[in-house]
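Letter by letter, the chains look like this.
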Amino acid sequence: MPSIVFIQPLIALIAGIVILIMPRILNYVVALCLIFIGITGLLPNVMDNIPLPN
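Remember, it's a predicted structure, so these values are computed and weren't measured experimentally.

S.K.: Got a sec to walk through the overall build of the protein? Specific residues and values, please.
M.R.: Counting its regular elements, the protein contains 2 helices and 0 strands. Among the 54 residues that make up the protein, the fraction classed as buried is 7%. Summed over its atoms, the accessible surface of the protein is roughly 4800 Å², and 77% of this surface lies on carbon and sulfur atoms.

So, in structure tokens, the structure goes:
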């Protein structure tokens, strides 16, 4: 599983390229990036609280 440290810069790079190509979708790209960063920031905390089956 790739680490979050590797995924976030890759998403940012793709988002930047998309914004350069189609600037009208800037709001959607920024919103998706913020949602992604929020989920990846919360995911380790959520996964720690889920009990694993024996």
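S.K.: Which residues make up the environment of I7, and what are the values?
M.R.: By secondary structure assignment, the location of I7 is in helix α1 (residues 4–21). A sequence separation of 30 residues divides I7 from I37, and the C-alpha atoms of the two residues are 9.8 Å apart.

S.K.: Explain a nonpolar patch on the surface residue by residue, including any values.
M.R.: Among the surface-exposed residues, L10, L13, I14, I17, L20, I21 and M22 lie close enough to one another that they form a single nonpolar patch of about 730 Å² accessible area. Classification of L10 by relative accessible area gives partly exposed; the value is 39%.

What counts and what doesn't
- Residues numbered from 1 in each chain as written.
- Predicted model: local features only at pLDDT ≥ 70, side-chain atom pairs only at ≥ 80, totals over all residues.
- Heavy atoms only, no water.
- Helix = DSSP H or I, 4+ residues; strand = E, 2+ residues; numbered from the N terminus.
- Buried < 20%, exposed > 50% of the residue type's maximum accessible area, 1.4 Å probe, protein only.
- Areas by Shrake-Rupley, 256 points an atom, 1.4 Å probe, with all protein chains shown as cover.
- Patch = residues over 30% accessible without salt bridge, like charges linked within 9 Å, V, L, I, M, F, W, Y side chains within 5 Å.
- Salt bridge = Lys/Arg side-chain N within 4 Å of Asp/Glu carboxyl O.

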